[in-house]
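Results of the structural survey
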Amino acid sequence: MGSEFKLRVEGYGQHWSKICRLYQGRVSVTLRHGVQCWVGHADLDAFYASVEQRDCPEYRDRPVVVGALPGQRGVVAAANYRARRFGIHSAMPIAEAYRRCPDAVYLRPDMARYLRVSRRIFQILRSIAPVVEPVSVDEAYLELTGLEKLLGPPETIGAVIKRRILEETGLTVSVGIGPNRLIAKLGSEYRKPDGLTVVYPDQVPDFLAPMPVANLRGLGRQTRKILSRLRISTIAQLRAMPFSVLERHLGTKAAASFQQQSLGIASAAVAPGRRRKSISKEITFEQDLEAHNLLRATLQRLAADVAATARSEQLCASVVTLKIRFTGFETHTRQRKLPIPTHDERVILREAWALLRSGNLPRRPVRLIGVGISGWKQVEPAWTQPDLFDRPQERERDKRLLETIDKVADRFGKGMLQLGCRTQKPGKRPPP
Ligand SMILES: [Mg+2]
């Protein structure tokens, strides 16, 4: 077993164990160095508006605008494609949207519901790709390298992603697949909505050539102005410009970045939690709080919350942070490093509580309390790690417990089920 296993590990690199777990029993290929990298980018179409339309059939054939309501101050958070035909787009003032289309359905966002759907979508993505990097609630990069040996060509992988999300959530997603992040992202934008675009390495130059330079990452308005003075509007024109000219106008670093991108050179690294340094949650009390048992109940809720998010993103934290603000706005934070990374809410609660008790903090009424976790470790969670002091049955039980909590949260919303007892709704004073 030894030599063959090693050989395969080399080919699949760091994600071998995850691929094995997802496609158990089906992995029998031998890979070599220099495998073709494939990165996917999945982006739900008009996500908030699509969830509303899915759940409310009478909105099906109508323009739907989610955001502030007409007559309020505020902007459009999401508009479906029918509303976009009127020129309505996200971040547009709601008054302007209303002027363009008074007949649209205007809805306040229901974030709790969107997040529930988002969680389900990420579960599906994680059951297909070994590494999923969330960009936002409805957008993610996927590591697809090596999967073509298991699922078929990139077109098939893209079709699997689209089919599963449609079947299991009723929503359409646009998918782009290419040799790196840039191409994957541009691919998913290429045929929106409900699109699937696969760009093979040899197609990259032609794929990029006619696109506006604004499609490149990190190219802002200022750079666009400079480029338009140089009569550069397409990526092909940017590619053809001598580097020395670009360097003179943009500086070495920017010139190199944009010209590299114009050739389709970009990073293929997909990392979970890459954009997120920490997960934290805090609560401001309606009235400053004194009773310690209520603080504990609040901490428990916060710990459960951050732990569930970490589990859904397959992250394990090695640092727990407690943030506490007292009457008069005096704020303290306390941190503790964990010997074993975790995403178990009981461990996070234990540490946060210990920080509160032993952190040399003033004994004053509390205005705000928060729990944060950080210091991600890409390792197996604590409950799957062999530990001399506990037994395998207990680890298995813990694992099942946490999975059950996540399942219940998925169906009924966060906070429905937590480990340990919860007696008090946080943020509320007890009845007199
Ligand atoms: Mg989207």
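Residues numbered from 1 in each chain as written. Predicted model: local features only at pLDDT ≥ 70, side-chain atom pairs only at ≥ 80, totals over all residues.

Side note on the overall build of the protein
The helix and strand tally for the protein stands at 17 helices and 12 strands. Of all 432 residues assigned to the protein, the portion counted as buried reaches 35%. Long-range contacts, defined as pairs at least 24 residues apart, comprise 64% of the intrachain contacts of the protein with a sequence gap of at least 6. (Helix = DSSP H or I, 4+ residues; strand = E, 2+ residues; numbered from the N terminus. Buried ≥ 20, exposed ≤ 12 C-beta atoms within 10 Å, placed from the backbone. Contact = placed C-beta atoms within 7 Å.)

Quick word on the sheet that holds strand β10 (residues 316–326)
Sheet strands line up and pair through hydrogen bonds in the backbone, either parallel or antiparallel. If you trace the 4 strands from one edge of the open sheet to the other, you get β9-β12-β10-β11, paired in antiparallel fashion. Looking at which strands have only one partner, the edges of the open sheet turn out to be β9 (278–289) and β11 (331–342). Within this sheet the neighbouring strands show an average axis-to-axis angle of 15°, counted without direction. (Pairing = 2+ DSSP bridges. Axes fitted to C-alpha atoms, helices over the stretch in contact; angles between N-to-C directions.)

Some remarks on the environment of Arg-311
For Arg-311, the position within the fold is in helix α15 (residues 292–312). For the pair Arg-311 and Thr-342, spaced 31 residues apart in sequence, the C-alpha to C-alpha distance is 9.3 Å. Residues in contact with Arg-311, not counting those within four places in the same chain, are His-343, Leu-402 and Asp-406.

Structural notes on the packing of helix α13 (residues 243–250) against helix α14 (residues 252–262)
In contact at an axis separation of 7 Å, α13 and α14 are set at 130° when each is read in the N-to-C sense. Relative to α14, the element α13 lies oblique. Crossing of α13 over α14 shows right-handed handedness. Residue-level inspection shows Phe-243, Leu-246, Glu-247 and Leu-250 of α13 in contact with α14, the latter providing Thr-252, Ala-254, Ala-255 and Gln-259. (Parallel < 35°, antiparallel > 145°, perpendicular 65-115°, else oblique. Left-handed = near helix turned anticlockwise from the far one by under 90°.)

Remarks on unusual backbone geometry
Residues Lys-192 and Pro-193 are joined by a peptide bond in cis, for which omega reads -10°. With respect to the helices and strands, the residue Pro-193 is situated in the loop between α9 (181–190) and β8 (196–198). One non-glycine residue, Ala-46, lies in positive phi territory at about 40°. Structurally, the position occupied by Ala-46 is in the loop between β1 (39–44) and α3 (47–55). Backbone geometry places Ala-91, a non-glycine residue, at a positive phi of 80°. Within the element layout of this structure, Ala-91 appears in the loop between α4 (81–84) and α5 (94–100).

What about the nonpolar core?
Residues Val-65, Ala-78, Leu-125 and Leu-142 are the most contacted members of the largest nonpolar core, which totals 65 residues. The element best represented in this core is helix α6 (residues 111–128), accounting for 6 residues. When residues of this core are assigned to domains, at least three map to each of domain 2 (47–111) and domain 3 (209–262). The contacts of Val-65, once residues within four sequence positions are left out, are Val-76, Ala-79, Ala-83, Ile-88, Ala-97, Ala-104, Val-105 and Tyr-106. Judged by nonpolar contacts, the second largest core, of 29 residues, contains Leu-302, Ala-317, Val-320 and Ile-324. (Core = buried A, V, L, I, M, F, W, Y, C linked by C-beta atoms within 7 Å. Domains from an automatic or database assignment.)

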